[in-house]
Amino acid sequence: MNIIRKKTWQINENEVTPKELFEKRRNFIKLGAASIISSGAVMQALAKEDFPKITLDFIKDKNINNLKLNTFEQITSHNNFYEFTTKQSAVKDIAHTLNTDNWKVTIDGLVENPMEIDLDDLVKMFTLEERIYRFRCVEGWSMVVPWNGFSLASLVKKVKPLSRAKYIRFETLVDENSFPDQKRGRFGVIDYPYIEGLRMDEAMNELSFLATGLYGDIMPKQNGAPIRLVVPWKYGFKSIKSIVKISFVEHEPMNTWQKENPKEYGFYANVNPNVDHPRWSQKKERVLGSFLKQKTLMFNGYENEVASLYNGMDLKKYF
Ligand SMILES: Nc1nc2c(c(=O)[nH]1)N[C@H]1C(S)=C(S)[C@@H](COP(=O)(O)O)O[C@H]1N2
Ligand SMILES: [Mo]
């Protein structure tokens with residue numbers, strides 16, 4: 001079923017028939033896989049089918065920092081997604097129950113243009129890009145991922161927040177048929193829905209990203225299909241998965257991990273090797289697939305882009 005498993009640009013013309021591609025047409029449109037279209041046979045087929053003339057391209061990341069990408073396999077087989085299970089290696093095997101059909105996103109609160117919109121229509125409103133980012137979980141593992149999607153700032157500009165909107169609050173789907181841990185009701189591991197938030201200037205930063213895929217394919221379910229946040233200078237838990245609601249609000253939202261354990265997790269959660277977690281050091285991290293640990297970088301290596309957001313703030317207090 002998942003024919004575009006590999007990097008799309010590795011797909012061999014003979015491996016993929018146009019018919020199969022058309023079955024993936026919707027996904028195709030979302031991600032725009034320009035590289036596939038360069039295949040002559042597919043080009044012809046697309047022309048015949050009167051393929052919708054919308055953005056089929058995504059802007060490739062030049063990877064100027066020469067980050068070494070983790071493999072698709074590594075990125076999709078070690079996941080934190082509590083709605084399924086707390087066992088990171090098991091998420092991939094059970095994530096198929098997440099139903100992403102006819103996915104809608106509600107944008108509400110303090111905005112001029114609130115909307116409830118089909119994800120497909122939402123995605124068409126934006127320029128699609130690839131972003132190759134470091135990703136650092138608060139637990140001490142990390143990876144480098146080539147995400148696909150669009151900038152959060154571009155969405156914010158479209159919906160036009162009112163001046164009173166100071167924060168954005170994000171919410172994950174609640175659906176017990178999709179998520180086994182939600183079926184357990186109050187015996188679930190955490191309270192649902194999963195909630196996250198950003199301050200408006202953080203959301204407007206060029207790095208904040210709404211990802212609809214990775215490695216040129218649609219988002220794997222275990223990684224937060226069909227749309228998830230990626231905030232690469234913050235610990236991974238800020239990067240909320242499977243988003244159904246984006247609300248513009250006046251006050252700092254209470255995010256899931258702060259609510260669960262306020263002594264250990266705050267609102268900001270900026271990657272910071274100088275502020276230890278109460279139970280472990282944050283100085284080092286293990287990249288998925290490698291044996292040795294490496295040094296964790298301030299703001300996960302994005303200091304130039306984001307340090308000014310926190311001028312004058314005590315990062316030990318606002319952890
Ligand atoms: N809805 C939801 N979003 C979530 C989580 C979760 O359990 N539920 N886990 C977070 C944590 S702790 C991390 S590290 C990342 C993991 O993303 P990945 O599985 O794509 O690596 O997702 C974050 N987003
Ligand atoms: Mo995490």
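**Some remarks on the nonpolar core**
- Counting residues in each nonpolar core, the largest one holds 83 residues, and the members touching the most others are L122, W147, L155 and F248.
- Ranked by residues supplied to this core, first place goes to strand β5 (residues 141-151) with six residues.

**Things to note about the pattern of salt bridges**
- Applying the stated criterion across every chain yields a total of 14 salt bridges.
- Of the charged contacts in the structure, one is a salt bridge between D108 and K245, with a shortest N-O distance of 3.7 Å. Taken together, the positions of D108 in strand β2 (residues 104-109) and K245 in strand β11 (residues 243-249) put the pair 137 residues apart, joining distant regions of the chain.
- Residue D108 is classed as partly exposed on the basis of its relative accessible area of 23%.
- A relative accessible area of 26% means that K245 is categorised as partly exposed.
- Residue K234 pairs with E202 through a salt bridge whose shortest N-O separation is 2.8 Å. Of this pair, K234 sits in the loop between β10 (228-230) and β11 while E202 is found in helix α10 (residues 200-204), placing the two residues 32 residues apart along the sequence.
- For K234, a relative accessible area of 2% gives the class buried.

**Some thoughts on the site of ligand 1**
- Near ligand 1 there are 19 residues, and of these N79, Y82, E83, N223 and K241 occur at the shortest range.
- Between an oxygen atom of ligand 1 and a main-chain N or O atom of Y82, the distance comes to 2.7 Å.
- At 3.0 Å, a side-chain N or O of T172 approaches a nitrogen atom of ligand 1.
- For ligand 1, the accessible surface in isolation is 540 Å², of which the surrounding protein chains cover 99%.

**Looking at the packing of aromatic side chains**
- Enumeration according to the criterion identifies 17 aromatic pairs in this entry.
- Aromatic side chains Y133 and Y302 sit 5.9 Å apart centroid to centroid with 80 degrees between the ring planes, which places their arrangement in the edge-to-face category. On the criterion of sequence distance, the pair formed by Y133 in strand β4 (residues 128-136) and Y302 in the loop between β13 (293-295) and α12 (303-306) is long-range, its members being 169 residues apart.
- Geometrically, the ring pair formed by F237 and Y265 is edge-to-face, given 5.5 Å between the ring centres and 80 degrees between the ring planes.

Conventions used here
- Residues numbered from 1 in each chain as written.
- Chains lettered and ligands numbered in written order.
- Predicted model: local features only at pLDDT ≥ 70, side-chain atom pairs only at ≥ 80, totals over all residues.
- Heavy atoms only, no water.
- Core = buried A, V, L, I, M, F, W, Y, C linked by side-chain atoms within 4.5 Å.
- Buried < 20%, exposed > 50% of the residue type's maximum accessible area, 1.4 Å probe, protein only.
- Helix = DSSP H or I, 4+ residues; strand = E, 2+ residues; numbered from the N terminus.
- Salt bridge = Lys/Arg side-chain N within 4 Å of Asp/Glu carboxyl O.
- Near = heavy atom within 4 Å.
- Polar contact = N/O pair within 3.5 Å; in protein donor to acceptor, adjacent residues only side chain to side chain.
- Areas by Shrake-Rupley, 256 points an atom, 1.4 Å probe, with all protein chains shown as cover.
- Phe/Tyr/Trp six-rings, centres within 6.5 Å; stacked < 30°, edge-to-face > 60°.

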